[in-house]
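# Architecture and fold: a report
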Amino acid sequence: MSRTSILYKPLGMGFGMLGGLLASALFNRTWKAVAGQDDAPDAHDEDRAWGEILAAAALQGAIFAVVKAAVDRGGAIGVRRVTGRWPG
């Protein structure tokens, strides 16, 4: 494992935590705009229908995946700019 990769690990974890916070906030805003509800359903919401629960899960998964990819890619580009080497 290269030195750049070793140094990137803690940065990647930090980027991941920030990305999770960003994705969560983005999902909550998106759900509120799409469904007009403050709280998105989860699998244990007895009063919510299957379709609503699965739609919320799909939207949440898509948002988290896109944010994770953007944060990971942006972090790798930032490391290359600073070190001159691509992490990984």
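Anything mentioned here points back to the structure above.
Report on the accompanying structure. Model, not experiment: these values are computed from the prediction. (Residues numbered from 1 in each chain as written. Predicted model: local features only at pLDDT ≥ 70, side-chain atom pairs only at ≥ 80, totals over all residues. Heavy atoms only, no water.)

### Details of the overall build of the chain
Where we set the bar: Helix numbers and strand numbers start at the N terminus; a helix is a DSSP run of H or I with at least 4 residues, a strand a run of E with at least 2. To sort residues, take the accessible area from a 1.4 Å probe on protein chains only and compare it with the maximum for the residue type: under 20% means buried, over 50% means exposed, and anything in between is partly exposed. We call two residues in contact whenever any of their non-hydrogen atoms come within 4.5 Å of each other. Every accessible area reported is derived by Shrake-Rupley at a probe size of 1.4 Å, with residue values counting cover from the shown protein chains alone. In this tally Asp and Glu are treated as negative and Lys and Arg as positive; neither His nor the chain ends contributes. Charge placement uses NZ in Lys and CZ in Arg. For Asp and Glu, CG and CD serve respectively.
Tallying secondary structure elements over the chain gives 2 helices and 0 strands in all. For the chain, the residues scored as buried account for 18% of the 88 residues in total. For the chain, the share of sequence-separated contacts (at least 6 apart) that also reach a separation of at least 24 residues comes to 56%. For the chain, the computed accessible surface area is about 6,400 Å², with 62% contributed by carbon and sulfur atoms. Of the charged side chains in the chain, 10 are positive and 8 negative; the average position of the first set lies 27 Å away from that of the second.

### Brief notes about helix H2 (residues 50-83)
Spelled out, the test is: Given the number of residues in a helix, its expected span is that number minus one, multiplied by 1.5 Å.
In this model H2 runs 49 Å from its N-terminal to its C-terminal C-alpha over 34 residues, within 8% of the 50 Å that 1.5 Å per residue would give. Every buried residue of H2 is accounted for by Ile53, Ala56, Ile63, Val67, Gly75, Ala76 and Val79. Contact partners of the buried residues in H2: helix H1 (3-35). One or two residues past the end of H2 sits Gly84, with phi positive at roughly 85°.

### A short note on the packing of aromatic side chains
This is how the line gets drawn: Pairing of aromatic side chains here covers Phe, Tyr and the six-membered ring of Trp, requires ring centres within 6.5 Å, and sorts the geometry by plane angle: under 30 degrees stacked, over 60 edge-to-face, intermediate tilted.
For the structure shown, the criterion picks out 1 aromatic pair. Consider the rings of Phe27 and Trp31, whose centres lie 6.3 Å apart with planes at 35°: the pair is tilted. With Phe27 and Trp31 both in helix H1 and 4 residues apart, the pair spans about one turn of that helix. Just as Phe27 is buried, Trp31 falls in that class too.

### Considering the environment of Arg81
The residue Arg81 is located in helix H2 in this model. Through-space distance from the C-alpha of Arg81 to that of Ala58 is 35 Å; in sequence the pair is 23 residues apart.

### Notes on the packing of H1 against H2
Angle between the axes and distance between the axes: these two values describe a pair of packed helices. How we decide: Under this scheme, a helix contributes an axis fitted over its contacting stretch, all axes are lines through C-alpha atoms, and angles between N-to-C directions fall in the 0 to 180 degree range. Should the near helix be turned anticlockwise from the far one by less than a right angle, the crossing is left-handed, and should it be turned clockwise, the crossing is right-handed. Each residue is assigned to one of three groups, with Ala, Val, Leu, Ile, Met, Phe, Trp, Tyr, Cys and Pro labelled nonpolar, Asp, Glu, Lys and Arg labelled charged, and all others, Gly among them, labelled polar.
It is at 8 Å that the axes of H1 and H2 come closest, and there the two elements cross at 145°. Taken as a pair, H1 and H2 cross one another with a handedness that is right-handed. For the contact of H1 with H2, a count of residues per class yields 17 nonpolar, 9 polar and 2 charged.

### Topic: the pattern of salt bridges
This is how it is decided: Between Lys or Arg on one side and Asp or Glu on the other, a salt bridge is scored when a side-chain nitrogen of the former is within 4 Å of a carboxyl oxygen of the latter.
Evaluated as defined, the whole model comprises 3 salt bridges. Ionic pairing is found between Lys68 and Asp72, a salt bridge with its closest N-O pair at 2.6 Å. Within this pair, Lys68 and its partner Asp72 are both found in helix H2, separated by 4 residues, close to a single helical turn. A relative accessible area of 27% means that Asp72 is categorised as partly exposed.

### Section: the nonpolar core
The condition that has to hold: The set of buried Ala, Val, Leu, Ile, Met, Phe, Trp, Tyr and Cys residues whose side-chain atoms join them within 4.5 Å is what this entry labels a nonpolar core.
One finds Ala23, Phe27, Trp31, Ala56, Ile63 and Val67 forming the largest nonpolar core, which totals 6 residues. For this core, the secondary structure elements donating two or more residues are H1 and H2. Non-local contacts of Ala56, meaning those with residues more than four positions away in its chain, are made with Phe27, Trp31 and Pro41.

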